Amino acid sequence: RGTRGITLAASVSLDATMSGYRTLHRIQSPEHDGSSLRIPTWRVRLSPCRSSSSSSSNLPSSSASPLRLLAAGASNTIQCYSLADRTNKDSNTNDVLDASAMSVECKDCLVSKEYYNVVVNNNGDGGTARSRATLGYAALDISKNYCGADPAAGNEVVLASQLGGRVCVWCRLDPLLVDKGVSIAENVEATTVDDMRYIQPHAEFTIDASTGTTLAIRPPSMGNYYSKKDTDILVAMGCANGAVILCKTGVLAARPGGENAGSSGAIVGDSSSSSGESVNILSKSTPGEIVATIGGGHACVMSLAWHPTIPNTFVVGRKDGTIDIYSSSSDEWDLSFRRMHRLVHSSFPIRALAFSQPDGALLFAGDDDGKLYSYDVSCNNEKTNMSAPVKLVACALTAHKGWVMNLTPFPDGRRVATCGSDRSVRVWDCGMGLASSTPVHSFEGVHDGLVWGVDCGSAVEASSGGLGSGRARVERLKLISCGNDGVIQVFSCGE
């Protein structure tokens, strides 16, 4: 048993002795404690921001820094986990791993203002509060609010939406700034119940036309390409009538200098921010203010993804199998979007959609017929919109025996992971492996029921001197999945 009743288990996949891919741990949500009811987990996301600074970390200097994992589902809360390797043991060796090799903690929960009041008014009775009916959080996205030169800097912005379009926004300062005494001017209350801290959102709003099942944050990292008048972080939300609504979150987007800089003139989130200063993270805008409505009159939006390097460009997967790519008309500062491409290779709902990382050269899409498509969009990488051709380059005809529920590209740009209704998680090579429908590795039966979500990220291992010493770093990839059984699985991803 881990912190707050998190259940850990170690297991090894069937061909673990021959591969660096293996199941490391099972994590059971603390909300399952003392109850036979299984609460589905629909989305897991690994934060792109650091979870702790070197001075605040209790890990030895040779250990990997913790991964910050957020999980959302049919619950009133979004659980925040910290995952770290306890030892220097290489997870890609052929040794069988045990649960003691990984430290897993869950001490924070993100909650709505309404549920926060329920927790407080129940006089600390977390069990009574958790028993209340909820719509859950069907969509979850995390972004690093930073556009400067420091690759490790950045504040965390989390958005989650409930069915019906109710959206909550939470912000977290870079731990390095916290160590320096920097604080958020618009801080929110938090309360601790049974060693669990419940954190209110910084903003809430409702988009009535939205289904609440699709949500994607416009990348703040591209702030240099956005209009100086456009100071908010924007979020795209899908609607049943086929439209995508782009609206303000009420949170200031990172910009070089300007009104959202601290007293030192540094970018908000930059490690050069002055010690002890108070920074503003909220804008003067009304959260939920709609700035654009794009692509109405088509089939329901099932999935959304922004391009990581082309400003104001996103892709939509629809219920009828069509994939639409939208981009700003001509000027990257313009929020007048038009459809640049329509891809019609599928006639089944597109639930899974993402651009490859880090440059977005490929577009991946998975449908309800079990197919995984790969499109070449690299001809557009030197452009400010998606006017160049987009070509289908590969299709795995039997990626899954059922629906492709979700997918995530690997940071190395060479692999992509998918999960499906057939209870499996599969890793694919972006080249010939996709064309031959042969995965690099397949984790079968990892969940009891649908595998709803999957994500991939890396923990940074610092050499002697610790994080921030400027020494060489080694990244260890972790693959995360979640399912209808409420379990979160952690996998290693070595080759």
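About the cut-offs
Residues numbered from 1 in each chain as written. Predicted model: local features only at pLDDT ≥ 70, side-chain atom pairs only at ≥ 80, totals over all residues. Heavy atoms only, no water. Helix = DSSP H or I, 4+ residues; strand = E, 2+ residues; numbered from the N terminus. Buried < 20%, exposed > 50% of the residue type's maximum accessible area, 1.4 Å probe, protein only. Contact = heavy atoms within 4.5 Å. Areas by Shrake-Rupley, 256 points an atom, 1.4 Å probe, with all protein chains shown as cover. Pairing = 2+ DSSP bridges. pLDDT = per-residue confidence, 0-100. Salt bridge = Lys/Arg side-chain N within 4 Å of Asp/Glu carboxyl O. Axes fitted to C-alpha atoms, helices over the stretch in contact; angles between N-to-C directions. Core = buried A, V, L, I, M, F, W, Y, C linked by side-chain atoms within 4.5 Å. Arc of directions from axis to C-beta. Polar contact = N/O pair within 3.5 Å; in protein donor to acceptor, adjacent residues only side chain to side chain.

Chemist: Residues and numbers for the overall build of the protein chain, please.
Modeler: On a plain count of helices and strands, the protein chain comes out with 4 helices and 32 strands. Expressed as a percentage of the 495 residues in the protein chain, the buried residues total 58%. Excluding contacts between residues fewer than 6 apart, the proportion of contacts in the protein chain whose partners are at least 24 apart in sequence is 63%. For the protein chain, the exposed surface amounts to about 18800 Å²; the carbon and sulfur share of it is 48%.

Chemist: For the pairing of strand β13 (residues 210-217), give the residues involved together with the corresponding values.
Modeler: Among the 8 residues in β13, 6 count as buried, and that is most of the element. The sheet contact formed by β13 and strand β14 (residues 232-239) spans 4 bridges and is antiparallel. Each bridged residue has a counterpart across the sheet, and for Ile217 the counterpart in β14 is Val235.

Chemist: Residue-level account of the confidence of the model for the protein chain, with values.
Modeler: Taken over all residues, the pLDDT of the protein chain has a mean of 82, while the share at 70 or more is 78%. Taken together, the stretch residues 1-18 has pLDDT below 50 and engages in 54 contacts with residues farther than four places along the chain or on a different chain. Across residues 55-62 the pLDDT falls below 50, and counting only partners more than four positions away or on other chains, this stretch makes 16 contacts in the model.

Chemist: Tell me what's going on with the pattern of salt bridges, and back it up with residues and numbers.
Modeler: Throughout the structure, instances matching the rule amount to 18 salt bridges. A salt bridge links Lys248 to Glu289, with the nearest nitrogen and oxygen atoms 3.8 Å apart. Placement of the pair is Lys248 in strand β15 (residues 244-252) and Glu289 in the loop between β16 (278-279) and β17 (290-294), with a sequence separation of 41 residues. Taking the relative accessible area as the measure of exposure, Lys248 reaches 17% and is therefore buried. A relative accessible area of 35% places Glu289 in the partly exposed class. Where Asp368 meets Arg351, a salt bridge forms, and the shortest distance between an N and an O atom there is 2.7 Å. Residue Asp368 is located in the loop between β23 (362-367) and β24 (372-376), and its partner Arg351 is located in strand β22 (residues 350-355); the two are separated by 17 residues in the primary sequence. Note on Arg351: relative accessible area 22%, which makes it partly exposed. Shared partners join several salt bridges into a network, and the residues in it are Arg45, Asp141 and Asp455.

Chemist: Account for the sheet that holds strand β29 (residues 441-443), naming residues and giving values.
Modeler: The strand order across the open sheet formed by 4 strands is β26-β27-β28-β29, and the pairing between neighbours is antiparallel. Each edge of the sheet is formed by a strand with only one pairing partner; in this case those strands are β26 (404-409) and β29. For this sheet the average axis-to-axis angle between neighbouring strands, irrespective of direction, equals 20 degrees. Where strand β27 (residues 415-420) lies against strand β28 (residues 425-429), 5 bridges are found, and the strand directions are antiparallel. By the bridge assignment, Thr418 is partnered in β28 with Arg426.

Chemist: Can you tell me about the nonpolar core, naming the residues and giving the values?
Modeler: In this structure, Val157, Leu159, Val167, Val169, Phe205 and Val235 are the most contacted members of the largest nonpolar core, which totals 26 residues. Listing elements by their share of this core, those giving two or more residues are β7 (155-162), β8 (166-172), β12 (203-206), β13, β14 and β15. A per-element tally of this core places β14 first, with 4 residues. Of all hydrophobic cores here, the second largest spans 25 residues; its members include Cys106, Val119, Tyr198 and Cys482.

Chemist: Can you explain helix α1 (residues 113-121)? Please cite residues and give values.
Modeler: Burial in α1 covers these residues: Tyr115, Tyr116, Val118 and Val119. Taken down its axis, α1 places every buried residue within 155 degrees of arc, on the same side. Relative to its buried face, α1 has exposed residues pointing more than 90 degrees away, namely Glu114 and Asn121.

Chemist: An account of the side chain of Gln79 is requested, with residue identities and associated values reported.
Modeler: You can see Gln79 is positioned in strand β4 (residues 77-85). On the basis of relative accessible area, Gln79 is assigned to the buried category, the value being 5%. Within the local environment of Gln79, its side chain forms a polar contact with the side chain of Thr77, the two groups lying 2.7 Å apart.

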